[in-house]
Amino acid sequence: MDNRFKSVVRIFTQRRIVPILIKSLVWIGIIVAWWIILALVVDMPAEYKVRHSTDDLRVQLDEMSIRYDSLNNILDNVAKRDENVFRKLFESNPYDLNIDNDDERIALHEQLIEMNNDDLSDMLSSRMQNAITEEKELIRSYEDLRYNTLNGVLSIDCVPAIQPVNNQQLTLLAAGKKPLINPFHRAIREHHGVDYLVPEGTAVFATADGVVKTLSEKNTSHGKAITISHGNGYETSYSHLLDIRVKKGQKVKRGDIIALSGNSGLSFVPHLHYEVILNDTRVDPVHYFFLELNPEEYQQMIRIALSSMQSFD
């Protein structure tokens, strides 16, 4: 009787447990599947925040890419317009000092190989004669310079020969002496000096010994400005100043601080406008930095001056 009872209880228990176990496993599977579906379809708050944290950055990147392409097109158009203006004004192609002359040397080498001895001799004689003529002209100019220096006619200290601001890295020159787009009239106008893009309060130096000829404290197009007479036909001018540190008639030495740069007058941004005048003619100041620049730096300054497209005054 007891064995039969135990057997019945065992069968009943197995029949109850197995369905419950199966149902439990099925429900667990359903819950896990539902959780996976929710995880794949619906973001939790933390996941949503992480997933969408870069959406704004992606939109900004797309907008910046579009703007970058637009600016590139504008720069290309401006460069082409600048080249066309240069050709119209000077009837020649713009300078490009970055072009390597390897092709010219190769062409010359091939030309020399194809020439016979008589042609080579004639070409050598012609070049030697030209070199002798140039040497005589150079010696004569040196003798004139030596005579003028020894007799007090010309002093090297009175020749503008440094930059008016500290520009050792050659990164501050922003506009050269050439026809440029005027920022106020939006038209091509002759720019008579060079512009240094420097913050207000930058020290401005006298570029040669001389005497302060004129001071301008009025709000004219040049703003606060200084003109220094160096003798021998040389003058220099410094415009758009913040503060003038010299007086009219005062003697100055090369390297003296004469003013602080500013944004006075008709000035687009804070900068210094610097000019060199020789015998009442404005000349290119870039050619008067020879005490500071070696040949490579001089070439770099010329590239910078030629690449500028807009003045700041």
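**A few points about the overall build of the protein**
Working step 1: Of regular secondary structure, the protein possesses six helices and 12 strands.
Working step 2: Looking at the 313 residues of the protein, the share that counts as buried comes to 26%.
Working step 3: The contacts of the protein with a sequence gap of at least 6 include a subset with a gap of at least 24, amounting to 66%.
Working step 4: About 21800 Å² of surface is accessible on the protein, with carbon and sulfur atoms providing 58% of the total.

**Notes on unusual backbone geometry**
Working step 1: Phi at Leu170 takes a positive value of approximately 60°, unusual for a residue other than glycine.
Working step 2: Tracing the backbone shows Leu170 in the loop between helix 5 (117-150) and strand 1 (173-175).
Working step 3: For Leu170, a relative accessible area of 7% corresponds to the buried category.
Working step 4: The residue Asp280 is not glycine, and still its phi comes out positive at about 65°.
Working step 5: By secondary structure assignment, the location of Asp280 is in the loop between strand 11 (272-278) and strand 12 (281-283).

**A word on the pattern of salt bridges**
Working step 1: With the rule as written, the count across this model stands at seven salt bridges.
Working step 2: For Arg140, the salt bridge is made with Glu137, and the minimal N-O distance between the two is 3.1 Å. Separated by three residues within a single helix, Arg140 and Glu137 lie in helix 5, roughly one turn from each other.
Working step 3: On the accessibility criterion, Arg140 (46% relative accessible area) is partly exposed.
Working step 4: Note that Asp209 and Lys253 form a salt bridge whose closest N and O atoms lie 3.7 Å from each other. Remark: Lys253 occurs in the loop between strand 9 (251-252) and strand 10 (257-261) and Asp209 occurs in the loop between strand 5 (203-205) and strand 6 (210-216); sequence separation between them is 44 residues.

**Observations regarding the confidence of the model for the protein**
Working step 1: Residues with a pLDDT of 70 or more make up 76% of the protein, whose mean pLDDT is 80.
Working step 2: For the protein, helix 2 (residues 45-51) is the element with the lowest average pLDDT, namely 63, and strand 5 is the one with the highest, namely 97.

Definitions and limits used
Residues numbered from 1 in each chain as written. Predicted model: local features only at pLDDT ≥ 70, side-chain atom pairs only at ≥ 80, totals over all residues. Heavy atoms only, no water. Helix = DSSP H or I, 4+ residues; strand = E, 2+ residues; numbered from the N terminus. Buried < 20%, exposed > 50% of the residue type's maximum accessible area, 1.4 Å probe, protein only. Contact = heavy atoms within 4.5 Å. Areas by Shrake-Rupley, 256 points an atom, 1.4 Å probe, with all protein chains shown as cover. Salt bridge = Lys/Arg side-chain N within 4 Å of Asp/Glu carboxyl O. pLDDT = per-residue confidence, 0-100.

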